[in-house]
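# Observations on chain architecture
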Amino acid sequence: MVRVRLAPSPTGAMHIGTARAGLFVWLFAKQHEGKFILRIEDTDKERSKKEYEESIISGLRDLGLEWDEFYRQSERTEIYHEHLVRLVSENKVYPCFCSKEDLDIERAAAEAEKRSVIYSGRCSNISPEEAKKRIEDGEPYTLRFRMPKEKIGFDDMVRGRVEYDGSLIGDIVIAKSYDEPLYNFVVVVDDALMEITHVIRGEDHLSNTPKQIAIFNAFGYEPPNFGHLPLILNADRSKMSKRGGDTALVEFLEKGYMPEALINFLALLSWHPKDDREIFSKEDLIKEFSIERVQKGGSIFDYAKLNWLNRQYISHIISTPDLMTRIERFIPSDWKPTAAMIDSVKTRLDTLAEIKEALALYFEPLSYEGDLLHFKDKKDATIPNLEKILSVIDIADDSSFLSSESVADMLSGVVDPDSKGEYLWPLRVSLSGRKISPGPYEIISAIGKKETVSRIKDAIAKLK
RNA sequence: GGCCCUAUCGUCUAGUGGUUAGGACAUUAGAUUCUCAUUCUAAUAACCGGGGUUCGACUCCCCGUGGGGCUGCCA
């Protein structure tokens with residue numbers, strides 16, 4: 001039984017990188033019919049915040065990445081305490097009384113000598129009895145893990161064989177005290193107890209892996225399989241951060257990028273199918289995804305491609321009725337756009353948020369200069385042509401306004417095919433008030449006879 | 001500084017010893033069109049460098065170089 005986890009720390013709004021890791025982990029679980037576990041890593045009390053945990057939870061829900069089990073590390077302190085006691089009693093972990101100042105000096109010395117920064121091991125030989133007494137006397141301490149001085153290797157699912165040297169890592173601090181365990185330790189205890197089979201996470205954890213494997217071994221637990229995903233990069237190839245633009249999932253959602261497009265985009269960032277398809281639903285991905293095909297190198301977050309994908313979903317993939325419910329949050333509540341209105345503007349949008357501006361011509365009074373009505377230099381044709389069109393529309397019955405095709409039909413007798421622009425440009429501007437807009441037939445079928453007549457009359461009035 | 005990871009068009013990538021190095025985004029041009037967008041067509045554009053191995057390297061090995069991550073009593 002495959003059991004995988006997403007283990008974010010709630011120290012900021014859900015990061016787009018966490019969303020990508022979540023997607024890959026979720027896909028891995030789904031295609032192996034395994035369990036997806038969400039574990040909030042909130043052992044750092046200063047930096048962890050409830051609101052960030054909520055951001056992660058709602059982000060995952062927005063993307064439709066539902067989890068099967070949920071844990072919060074802050075609720076598991078006793079478990080970690082017991083495990084700490086166990087390793088201390090087995091002398092695999094020892095209390096260290098070195099002060100921060102002592103360690104700073106060691107670090108500076110190591111850097112000056114151009115070697116790895118490794119703990120000297122000064123406290124490693126203090127007898128358990130003495131250590132116990134000093135702790136009871138209230139002396140500040142940390143707990144250090146005796147790192148085996150040997151090669152520690154593993155077969156990474158995306159990178160292949162990776163090897164570190166334990167003697168270059170040194171005895172690491174795994175807890176600030178018995179009740180304040182640290183990341184590398186709690187991860188191992190949880191992954192072991194939760195029977196995680198595959199640890200899939202960002203490459204920024206690659207160098208934590210040998211430390212964790214050593215701790216697994218100390219407990220006698222079998223380490224899981226590891227797979228490290230490449231990082232998402234800023235345009236300058238640094239780790240994607242605030243500096244390079246938006247990094248919070250919610251910011252993308254608020255701008256009107258759709259979950260489907262985001263998932264599609266994130267999947268293609270460092271993963272590629274066997275063929276050349278670009279459009280993938282979550283269901284497609286469950287079928288096609290394979291961790292062996294994920295890229296090793298980091299990839300730059302390409303906004304232009306995201307825009308293109310989002311546009312594909314808006315204009316061709318998501319149905320208009322579905323779109324209608326999704327745009328509600330982006331437009332004033334008294335706007336009730338029809339399907340025809342949405343259809344007329346949807347190919348012109350990069351994001352859903354842009355629909356407010358696009359739909360304004362249907363819900364706000366038109367404001368434009370009369371000169372805009374003239375097609376190129378054909379000023380004299382404007383009024384007569386609008387009047388000709390108006391006369392046809394005036395006597396047409398409602399069935400002619402049903403679709404842009406029927407509108408085109410209705411006007412086919414009056415619009416001269418050899419000088420279409422002299423008819424359609426003034427018509428379109430009188431209906432939209434804009435240089436750039438949907439076509440006149442589309443607008444007419446969207447607003448209906450009465451409003452069409454009124455707008456054309458307004459246009460003629462502007463020129464008289 | 002140390003350790004580790006990594007390297008194909010501007011970007012995302014296909015490619016697993018013999019290919020006209022393929023696709024997508026972006027860009028440019030053209031077609032369609034009243035405008036814009038959509039759609040369609042085409043074009044420009046890449047194997048980081050140097051050594052090996054081999055009949056033959058983008059592909060395998062080594063050394064550089066570039067980029068990145070980690071180097072916390074953060075995760």
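Our subject is the structure listed above.
Let me begin by describing the structure that accompanies this report. Being a predicted model, the structure only gives us computed values, none of them experimental.

Right, let's talk about the protein's contact with RNA strand B for a bit. As a matter of local geometry, RNA strand B sits amid 63 residues, with Glu41, Lys114, Tyr183, Lys239 and Gly439 nearest to it. A per-element tally of the surface near RNA strand B places helix 17 (residues 420-432) first, with 5 residues. Grouping the constituent residues of the surface near RNA strand B by class yields 19 nonpolar, 20 polar and 24 charged.

Next up on the list: unusual backbone geometry. With phi around 55°, Lys114 is a residue other than glycine that occupies positive phi space. The residue Lys114 is located in the loop between helix 4 (100-112) and helix 5 (128-136) in this model. Judged by local crowding, Lys114 falls into the exposed class, with 6 C-beta atoms found within 10 Å. The phi angle at Ser270 is positive, at roughly 95°, despite the residue not being glycine.

Time to look at the pairing of strand 4 (residues 93-96). Along strand 4, one buried face is formed by Val93 and Pro95 and the opposite face, lined by Tyr94 and Cys96, is buried too. With 4 bridges connecting them, strand 4 and strand 5 (residues 142-145) associate as antiparallel partners. Opposite Cys96, over in strand 5, you have Thr142 as the bridge partner.

Another point: the sheet that holds strand 9 (residues 180-181). Backbone-to-backbone hydrogen bonds pair the strands of a sheet. The strands run either parallel or antiparallel. What the 4 strands build is an open sheet, ordered 4-5-8-9; its pairing is antiparallel. Of all the strands in the sheet, the pair left with one neighbour each is strand 4 and strand 9. Sheet topology places strand 5 next to strand 8 (residues 172-177); 3 bridges connect them, and they run antiparallel. Bridging from a neighbouring strand, Leu143 pairs with Ala175 of strand 8. Here helix 3 (residues 77-89) sits on the sheet in contact with strand 4, strand 5, strand 8 and strand 9, set at roughly 95° to strand 4.

For helix 17, spanning 13 residues, the distance from its first C-alpha to its last is 18 Å, which sits close to the expected 18 Å at 1.5 Å a residue. Taken together, the buried positions of helix 17 are occupied by Glu422, Tyr423, Trp425, Pro426, Leu427, Arg428, Val429, Ser430, Leu431 and Ser432. Residues of helix 17 that are buried sit in contact with helix 14 (355-363), helix 15 (379-395) and helix 18 (440-463). Following helix 17 by one or two positions, Gly433 adopts a phi angle in the positive range, close to 75°.

Axis separation between helix 17 and helix 18 bottoms out at 8 Å; the angle between their running directions is 85°. The orientation of helix 17 with respect to helix 18, classified from their angle, is roughly perpendicular. For the pair formed by helix 17 and helix 18, the contact residues are Leu424, Leu427, Arg428, Ser430, Leu431 and Ser432 on the first element and Pro440, Ile443, Ile444, Thr452, Arg455, Ile456 and Ala459 on the second. Residues belonging to the contact of helix 17 with helix 18 are distributed by class as follows: 8 nonpolar, 3 polar and 2 charged.

The subject of this paragraph is the pairing of strand 11 (residues 225-229). Of all 5 residues making up strand 11, 4 are buried, and the element is well covered by its neighbours. Pairing analysis gives 5 bridges linking strand 10 (residues 198-202) to strand 11, with the strands arranged parallel. Bridge pairing links Arg201 to His228 in strand 11. Traced from strand 10 through helix 7 (residues 209-219) to strand 11, the parallel crossover comes out right-handed.

Cut-offs used in this document
- Residues numbered from 1 in each chain as written.
- Chains lettered and ligands numbered in written order.
- Predicted model: local features only at pLDDT ≥ 70, side-chain atom pairs only at ≥ 80, totals over all residues.
- Near = placed C-beta within 6 Å.
- Helix = DSSP H or I, 4+ residues; strand = E, 2+ residues; numbered from the N terminus.
- Nonpolar A, V, L, I, M, F, W, Y, C, P; charged D, E, K, R; others polar.
- Buried ≥ 20, exposed ≤ 12 C-beta atoms within 10 Å, placed from the backbone.
- Pairing = 2+ DSSP bridges.
- Contact = placed C-beta atoms within 7 Å.
- Axes fitted to C-alpha atoms, helices over the stretch in contact; angles between N-to-C directions.
- Expected span 1.5 Å × (residues − 1).
- Parallel < 35°, antiparallel > 145°, perpendicular 65-115°, else oblique.
- Right-handed = clockwise from strand over helix to strand, strands pointing away.

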